[in-house]
Each structure stands twice: as structure tokens, then as C-alpha cells.
Amino acid sequence: MTAEEVVNEGNSIPIEGEDITPKKDGGVLKLVKNEGTGTESPMTGDKVFVHYVGTLLDGTQFDSSRDRGEKFSFELGKGQVIKAWDIGVATMKIGEICQLICKPEYAYGAAGSPPKIPPNATLVFQVELFEFRGEDITDDEDGGIIRRIITKGEGYTKPNEGASVEVFLEGRHDDQVFDERELKFELGDGESLGLPPGVEKALQAMEQGEEALFTIKPKYGFGTAGSDKFNIPPSATLKYKIKLKAFEKAKESWEMNSIEKLEQSAIIKEKGTQYFKEGKYKQAAVQYKRIVSWLEHESSLQGEEEEKAKALRLAAHLNLAMCYLKMQEPNLTLENCDKALELDANNEKALFRRGEALVVMKEFDRARADFQHVTQLYPANKAAKSQIVLCQKHIKEQHEKDKRLYANMFQKFADRDAKKEVEQDKKQNGTVMEISENGAQEQTAA
């Protein structure tokens, strides 16, 4: 568009620049003062870092980050700044300096921002863009999944665990496309489709219709193992372009009545068991955890329904314990065994699996106690008897090791003390000899 130039009487700043508003209504005019570098501009959700000086049309300065000596940062397109800034900064490149002339409807409107900005004020900003970076969507904000939005989605709701999603995705590693598919699946089932956990995490942050770029670090990608299926090496950083075409949320706990929770828990239990049989322990664990979240604090059930809920919770914790054993996570195994034993203090599987977890943790005394408890309650359990023998063997080996360790330690102490005594004797003998020699010399001299 041809630059618009209108110089109003009484204005010290000419109103000029390119109309960059989507509506082309002249609400934001941009004039580049210094060209930036690179080809990329910030995207919606990016955190941008700028310096700015704000003035009225008569040249009166009302704000300046430069005077404060500190760059200003905000998340682009999130409504954290005036509309003109969200529009204008999105067109800039790193190092660019531009002038933005902002009509009231794209700034502070009819109200202004007293006392510095009067009502219906057209504002002038000189803005310099220093840096922009994508949005970190991880829970711990560890930089493991960075999002850059290409096309903003609609609405405010996002997929949850168990939601049915319809997506298009393209996965890249070192600029090579390794995965390009349209998929429809339930969140929680992604690993069975060859998707890294970071993709499902990304989808839970998206709105319907959104298209975004995600940089996924190894922790949320294929980890230290890589992926033989996609020829991805260990510890690889991945890039995914994902479009969330449609989704249907799974019902949250508060959206279901007690009977629905029981019915859904029974269905989910079977789904988890199928995953477990297929060796997909992570996916199985996701299903069992949903049962716990639905039923753990359900207090409105009575009689037979209460017993069903208790049985489902017990099965979920026992199965979670087994999943975590398979995944070599003994602490989580212990946690779920303890939860199961709160529901059934003498449960054979809970006691046995807790013992197995303690063996992994090399806490053989505690493990033996659990296996002995099993044999007392369930004398026919041969596996527990075998585990007791193994625990006793490990305990004996540990005692022998400790014995050797302490023996060596005591010997070292004895050797050290003997060495000290020898050194002490040498010192004393040397002093006596020195005195004798001095005494003899003195007598001669006399």
C-alpha cells in the first residue's frame, strides 16, 4: 500500500506510514526507520523484548522504556498490550526500529489513560525489537516444549486427557520430514501410534483450528533411545507442525454422576489391561490413573455400588504398581501398593509387589518382612517363599560385605595409630640425641 501522509495543523509529528491493520481502516500506520535482519517475525504467543518511546501527536513524551533502562517484554497476541502493539510488533524483524501511529480505537480509546494520555488520543510509538522466543508450555517451564502459533485457534477450551482429537502433523529432524500423517485418536494413546509424549502435551495446550510449530527436546521426544521406526538418533530435538482440526473433550470427573464414573471406570480398566498385555505400560498407567482420579474422592456411593468402586480403585492401584515395576519406577510402585493396602490391609498382590519394589531398591530387610507376611497369610504362595530365600541371601552378602568393610576400616585405624606411635618415638629419640650432642659441644668449648 502507498504510504499515507497527512500533516495536521498543530501536529509536530507527521501522520505517515503503511496501514497494517487487518481491516485496512488506517488504525495503525507503520513506518520503518531501521530495517531488521532475518526473515522471521514474532508469532502469536511469542515472548517479545522491545524498547519503546511513546509520545502524543504534539511530541509530548508520556512513557519510555529507554529512560527506565530496562527492556519491556510481553506475550504477543494475548491482549497484554494495546491492539496496535499486537498488530505492529507482529510485523517486525530482529533489530528493526519502526514508528507506529495508533488511532484511539487501537490504543486507549475514548477514555484515554489519565493523567498522561487524554481521551481519544492518537499515539506515536518508536519501537525497537531485540528478541522474541516461543512459549514454553511445559508444567515446569524447563524449555522442553516451545510453541510458536502460526494460526490462532477458536474458543478457549482445550483437549484433556482421554479427549478424541483429529489432527494433521508433520515431524522433522535436521530438516528431514520423518512423519507426516492425519490422525484421529484419544489422548493417552499416542505412544501406540509412534508419537512422542511431547506431541500429546502440545495438543493439550491447543485450541480448535490452531496450527502451531513445536520444538520438542529429547526429554519430551524419543529420549535417549531415539526411534528405530523413524530413524531418529538418541537425544534428538524434534520439530513438529501440528494442526488441531477438531476435538471432543473427555468428560471430567465433575461432569459425571457416580453411576457414570463406575461405568466409565470399568471400560477404562479393560482398556488399560489390553495395553498392559501388549507391553504398553505407560498407556496402561494413564488409563488406571483415570480410574483413581474419578473414584478416589467419590463419597456418594453406598452399598453394592460403593463396593464396586472400592474394587475398581484397588485394581487400579495394583495394576499401576505392576506397570511401574515394569517401568523400573520402584518409588511409584511403593506408593500404589500402600494405597492398595489402605483399601485391603492383607492384599496378597499389594504385599508381594511392594516386596518386589523394595528388592529393586535394595531394602532387603523390609522386602523380606513383606514376603514373610505373604507366606503367613497365604502359605501356598511359593513365589513369596523363594523371594524370602533370595532376600536372606542378599542380607547375608550385605553383612559379609559390611564385615569386610569394617575389618578393613579397623585395620586402617590400627595401621594409622601404629604409624603415629612410630613417628612419635622417632621424634622423641631425635630430640634426646640433639640435646646430647649440644651438651657435648658445650663441654668441649668450655
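Each remark here, short or long, concerns the structure printed above.
None of these values were measured; they are calculated from a predicted model.

A. Just the overall build of the protein, in detail. Per the secondary structure count, the protein includes ten helices and 14 strands. Relative to a compact globule of 446 residues, whose C-alpha radius of gyration would be 22 Å, the protein shows 36 Å and is clearly more extended. Within the span of the protein, comprising 446 residues, buried residues form 42% of the whole. Partitioning the intrachain contacts of the protein with sequence separation of at least 6 by distance along the chain shows that 63% fall at a separation of at least 24. In the structure as shown, the protein presents an accessible area of about 25300 Å², 49% of it carried by carbon and sulfur atoms. Side-chain charges in the protein split into 63 positive and 77 negative, and the spacing between the mean points of these groups amounts to 5 Å.

B. Examining the nonpolar core more closely. By size, the foremost hydrophobic cluster in this structure holds 30 residues, and its most contacted members are Leu203, Phe214, Tyr240 and Ile242. Of all the secondary structure elements, the ones that give two or more residues to this core are strand 10 (145–151), strand 11 (164–173), strand 12 (176–186), helix 3 (197–203), strand 13 (211–216) and strand 14 (238–248). In terms of residue count, the dominant contributor to this core is strand 14 (five residues). With sequence-adjacent residues up to four places away left out, isoleucine 242 is seen in contact with Phe168, Leu169, Val199, Ala202, Leu203, Met206, Glu210, Glu211, Ala212 and Phe214.

C. A look at the layout of surface pockets. Volume-wise, the largest pocket comes out at about 950 Å³. Glu191, Pro197, Glu200, Lys282 and Val286 are, among the 32 residues lining the largest pocket, the residues nearest its centre. Secondary-structure elements contributing two or more residues to the lining of the largest pocket are helix 3 and helix 5 (281–295). Of the residues forming the lining of the largest pocket, the biggest block, five residues, is contributed by helix 5. Class assignment for the residues of the lining of the largest pocket results in twelve nonpolar, nine polar and eleven charged.

D. Quick peek at the pattern of salt bridges. All chains considered together, the criterion is met by 28 salt bridges. Residues glutamate 75 and lysine 78 are paired through a salt bridge, measuring 3.6 Å at the closest nitrogen-oxygen approach. Note that lysine 152 and glutamate 207 form a salt bridge whose closest N and O atoms lie 3.6 Å from each other. Of this pair, lysine 152 sits in the loop between strand 10 and strand 11 while glutamate 207 sits in the loop between helix 3 and strand 13; the two residues are 55 residues apart in sequence, bridging distant segments of the chain. One continuous salt-bridge network, built from bridges that share partners, spans Glu75, Lys78, Glu135, Arg147 and Glu210.

E. Region of the structure containing unusual backbone geometry. Residue proline 115 follows proline 114 across a cis peptide bond; omega there is 5 degrees. Mapped onto the secondary structure, proline 115 falls in the loop between strand 7 (97–102) and strand 8 (123–133). For asparagine 231, which is not glycine, the phi dihedral falls at a positive 60 degrees. Along the chain, asparagine 231 falls in the loop between strand 13 and strand 14. The exposed category is assigned to asparagine 231, whose relative accessible area is 67%. Positive phi, normally seen in glycine, also occurs at lysine 362, with a value near 65 degrees. With relative accessibility at 63%, the residue lysine 362 sits in the exposed group.

Cut-offs and rules
- Residues numbered from 1 in each chain as written.
- Predicted model: local features only at pLDDT ≥ 70, side-chain atom pairs only at ≥ 80, totals over all residues.
- Heavy atoms only, no water.
- Helix = DSSP H or I, 4+ residues; strand = E, 2+ residues; numbered from the N terminus.
- Rg over C-alpha atoms; globule rule 2.2 N^0.38 Å.
- Buried < 20%, exposed > 50% of the residue type's maximum accessible area, 1.4 Å probe, protein only.
- Contact = heavy atoms within 4.5 Å.
- Areas by Shrake-Rupley, 256 points an atom, 1.4 Å probe, with all protein chains shown as cover.
- Lys, Arg positive; Asp, Glu negative; His and termini not counted.
- Charge placed at Lys NZ, Arg CZ, Asp CG, Glu CD.
- Core = buried A, V, L, I, M, F, W, Y, C linked by side-chain atoms within 4.5 Å.
- 1 Å grid on protein atoms, 1.4 Å probe; cavity = no way out; pocket = protein on both sides within 12 Å on 5 of 7 lines; lining within 4 Å.
- Points joined across faces, edges and corners; volume = space filled by probe spheres on them.
- Nonpolar A, V, L, I, M, F, W, Y, C, P; charged D, E, K, R; others polar.
- Salt bridge = Lys/Arg side-chain N within 4 Å of Asp/Glu carboxyl O.

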